[in-house]
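# Observations on the three-dimensional arrangement
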Amino acid sequence: MKRTLPVFGPLASLALLAAFFSPAFARSEDLQGSASPMVVATHPAFELADIHLSTRKKVTGMSGGFLDGDHYIVHHATVAELIAKAYGFPARKVVGGPISIMNYRYDVIAKAPPDTSDDVVTAMLRNLLAERFKLVVHVESISLPAHLVTAPEGAIKMKQSEGSKTPGCRSDLSSDAPPPAGTPVTFSCRAESMTEFVGFLHEIMSNPTQPEVDATDLKGLWDFDFSALYPPRTSTESASNIEAIEKQLGLKIEAGRSMQAVLTVDSVSDSPMPNPPNVATLLLPASAKFAVASIKRSSPDSKELLGHVGNGQVILTGATLHFLINFAFDLNNETIVNAPKWLDQDKFDIAAAVTPPDATSGVVSNPLFNDEDLPEMTKKLLEERFGIKWHIEDRPADAYVLLAINPRMKKADPLFHSGCKEGPGPDGKDPRIATPVLGRLISCQNMTMAQLADELPLRSTGYIKIPMFDATGITGAYDFVLSFSGYSQVGGINEWSLNRPPSGSPNAVHLVVPPGGLLLSDAIEQQLGLRLEKQKRPTPMLVIDHINEVPKPH
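The shown structure was predicted, so the numbers you read here are calculated from the model rather than taken from an experiment.

A separate point is the side chain of Thr264. Its place among the elements puts Thr264 in strand E12 (residues 252-267). With near-sequence residues (within four places) excluded, Thr264 lies in contact with Val95, Val136, Val137, His138 and Glu140.

The following block contains the structure:
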């Protein structure tokens, strides 16, 4: 990139390409458009690696994926997400392979020397996938949605450059530091090619998932000035920037298609090869737990839950046992049986550490500590200090069922993997721009109705607080977009912030639809032709057999 200010974003994509096509891997000319399988050659491997099914349920994507000390940790990742991570492709550009690579989520814990470079760690992950999942992939080009930048005849408001100026785009910012989001910035571009400028346009669009492609056919170098909100915070600001580009420069940005590189899965196993014996014990303690924990009753004036996690310690104030149980058991609703009344009333302050202070120095070390371990550690704390005994059984409970009324969804292209994201679909349309009260936009591709029933409670924060089941009878997979008002926009509250689990009662919160707004249930019916209906269904329940009101001293 030639530009001097700002340089915050464009370099990131170059770094990604540099890593992907580094000497440790194949050369770009060998991969781009190649139809031959890509098999990882002999490269470094992790010293030890554990791959197992994730036990977490309330998640919508992977976390981790970096070397922490001598441990490489990834949580609740699909095989498709692991492949994308290993090969430097966006997950949406990993295509082919069986549907199973999106159906199951895995935790990966591996060991490598602490000074291992990012490139070598990536090579290790590739080798791990090849060894344990028998993965074979290749890169090819296919037609995909894109933002096409065109130059309508007679509309251009830029001057052909004589090339005498220092090339590049410079801003009027007074500091090299990135500006606050949404700052009005003026750029002066001299001797700038359209290829360079179109690459920069990605910077002034809010989290775009599609690339910008130069379709202007403008040759040579150009001089021009323009103003934009940089970096944009919202899709509304992004749309404002697009409109500004069109008015100030005469360029047009619109939805289209272009040939783009994708990573095609040629073959992969449905499940990984077994872990080596005792690998989990060798990598991490078999049962992570707090080494020390102080638990005392909160002060009577404690109103809200506050917490801090860091440096191997967890600090909570004003936590109810109901909250701790829901967190520990990853409950998606209030399905707890035999819960005593004081479970919601008594509050505790908790200070816990993963390792005890050093006997000589009194200093607490900073061990390998991941937030994903906290639920299991909290469960053990409840068992040891509050004596909780429990079991799981199916009991009739309120649940939502998804019914087919007049389905109107687009049949999915089986080439692309299933998944949902926040933001526009392939057509790039964003109703949030014209109608901000429609604050939520969920785009899904290649989703079965069973997958939708699993995904929707996670994506529709606040709305669905009881289990959800598919009863549509619809087979196959579909693409669709859901546009609706956010829970807080219709009067909903974040009940977790009040330190109590979601109640699941339809009368717990009075929802009021503002002008132009739309409840999730109405959006499902109007836009998808489906309906949510509450029924009694057998539901897994956490049954509390015993729990002490007063914690045992440590």
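After that view of the structure, there is still more to cover.
Here the focus is the sheet that holds strand E17 (residues 347-353). The sheet built from four strands is open, its strands ordered E13-E17-E15-E14 with antiparallel pairing. What marks the edges here is a single partner per strand, and that holds for strand E13 (292-297) and strand E14 (306-310). Averaged over all pairs of adjacent strands, the angle between their axes in this sheet comes to 15°, without regard to strand direction. In this structure, E13 lies alongside E17, joined through six bridges in antiparallel fashion. Residue pairing for E17: Val292 is matched across the bridge by Ala353. The strands that helix H10 (residues 374-385) touches are E13, E14, strand E15 (313-320) and E17; relative to E13, the one it contacts most, it runs at about 65°.

What follows covers the packing of helix H9 (residues 321-328) against H10. In the contact formed by H9 and H10, the axes pass within 8 Å of each other and the chain directions differ by 130°. The angle between the axes of H9 and H10 places the two elements in the oblique class. Pair H9 / H10 crosses with left-handed handedness. Across from Leu321, Leu324, Ile325, Phe327 and Ala328 in H9, the residues of H10 making contact are Leu374, Pro375, Thr378, Lys379 and Leu382. For the contact of H9 with H10, the per-class residue count stands at eight nonpolar, one polar and one charged.

The subject of this paragraph is helix H5 (residues 118-132). Its 15 residues give H5 an end-to-end C-alpha distance of 21 Å, which sits within 8% of 21 Å, the value for a rise of 1.5 Å per residue. Those residues of H5 not exposed but buried are Val121, Ala123, Met124, Leu125, Arg126, Asn127, Leu128, Leu129 and Arg132. Lys134 sits one or two residues past H5 and shows a positive phi near 55°.

Strand order across the open sheet formed by four strands is E7-E11-E9-E8, with antiparallel pairing between neighbours. Strands at the two margins of the open sheet, each flanked by one partner only, are strand E7 (159-160) and strand E8 (168-171). As paired strands, strand E9 (residues 183-192) and strand E11 (residues 222-230) are joined by eight bridges and run antiparallel to one another. Looking at the pairing, Pro184 lines up with Leu229 of E11. The sheet contacts of helix H6 (residues 194-201) involve E9 and E11, and relative to E11 the element is tilted by about 0°.

Further remarks concern the pattern of salt bridges. Counted under the stated rule, the structure contains 15 salt bridges. The closest approach of N and O atoms between Glu81 and Arg105, which form a salt bridge, is 2.9 Å. A residue pair is termed long-range when its members are at least 10 positions apart, and Glu81 in helix H3 (residues 79-87) and Arg105 in strand E5 (residues 105-111) qualify at 24 residues. Here Arg432 makes a salt bridge to Asp430, at a shortest N to O gap of 2.8 Å. As far as the burial class goes, Arg432 and Asp430 line up, both buried.

Let's shift gears to H3. The element H3 is largely enclosed, with a buried count of eight among its nine residues. Listed in full, the buried residues belonging to H3 are Val79, Ala80, Glu81, Leu82, Ile83, Ala84, Ala86 and Tyr87. With its phi angle positive at about 70°, Gly88 sits one or two positions after the end of H3.

As a further point, take the pairing of E17. Counting buried positions over the seven residues of E17 gives five, a clear majority of the element. As defined by bridge partners, E15 adjoins E17 across six bridges and the pair is classed as antiparallel. Paired with Leu316 across the strands is Ile350, a residue of E17.

By the definition in use, this model includes two disulfides. Put simply, Cys169 and Cys189 are joined by a disulfide, and their sulfur atoms are 2.0 Å apart. Taking the sign of the S-S torsion, about 115° here, the bridge from Cys169 to Cys189 comes out right-handed. With Cys169 in strand E8 and Cys189 in strand E9, this pair connects stretches of sequence that are 20 residues apart. Exposure class is identical for Cys169 and Cys189. Each is buried. In this model Cys420 forms its disulfide with Cys444; the gap between the sulfur atoms is 2.1 Å. Looking down the S-S bond of the Cys420 and Cys444 bridge, the torsion is 110°, so its handedness is right-handed. Residue Cys420 is found in strand E20 (residues 419-422), and its partner Cys444 is found in strand E21 (residues 440-447); the two are separated by 24 residues along the sequence. Grouping residues by exposure puts Cys420 and Cys444 together as buried.

The rules behind the values
- Each chain has its residues counted from 1, following the order in which its sequence is written.
- Owing to the predicted nature of the model, reporting of local features is limited to residues with pLDDT of at least 70; listing and counting of side-chain atom pairs is limited to 80 or more, with chain, interface and lining totals taken over all residues.
- Just so you know, side-chain values use all the structure's heavy atoms and leave hydrogens and water out.
- Numbered from the N terminus, helices here are DSSP runs of H or I no shorter than four residues, and strands are runs of E no shorter than two.
- By the convention used here, residues are in contact when the closest approach between their heavy atoms is within 4.5 Å.
- Two strands qualify as a pair provided DSSP detects at least 2 bridges between them.
- With axes taken as lines fitted to C-alpha atoms, and helix axes fitted only over the stretch in contact, angles between N-to-C directions fall between 0 and 180 degrees.
- Angles are sorted into four bins: roughly parallel if under 35 degrees, roughly antiparallel if over 145, roughly perpendicular if 65 to 115, and oblique for all others.
- In this scheme the handedness of a crossing depends on how the near helix is turned from the far one: anticlockwise by less than a right angle means left-handed, clockwise means right-handed.
- Only Asp, Glu, Lys and Arg are considered charged, only Ala, Val, Leu, Ile, Met, Phe, Trp, Tyr, Cys and Pro nonpolar, and every remaining residue, Gly among them, polar.
- Here the expected span of a helix is defined as 1.5 Å times the quantity of residues minus one.
- Burial classes: relative accessible area under 20% of the type maximum marks a residue as buried, over 50% as exposed, and values in between as partly exposed (1.4 Å probe, protein chains only).
- Salt bridges are defined by distance alone: a side-chain nitrogen of Lys or Arg within 4 Å of a carboxyl oxygen of Asp or Glu.
- Working definition: a disulfide is two cysteine sulfur atoms within 2.5 Å of each other.

Such coordinate-based values are descriptive only and should not be taken to indicate function.
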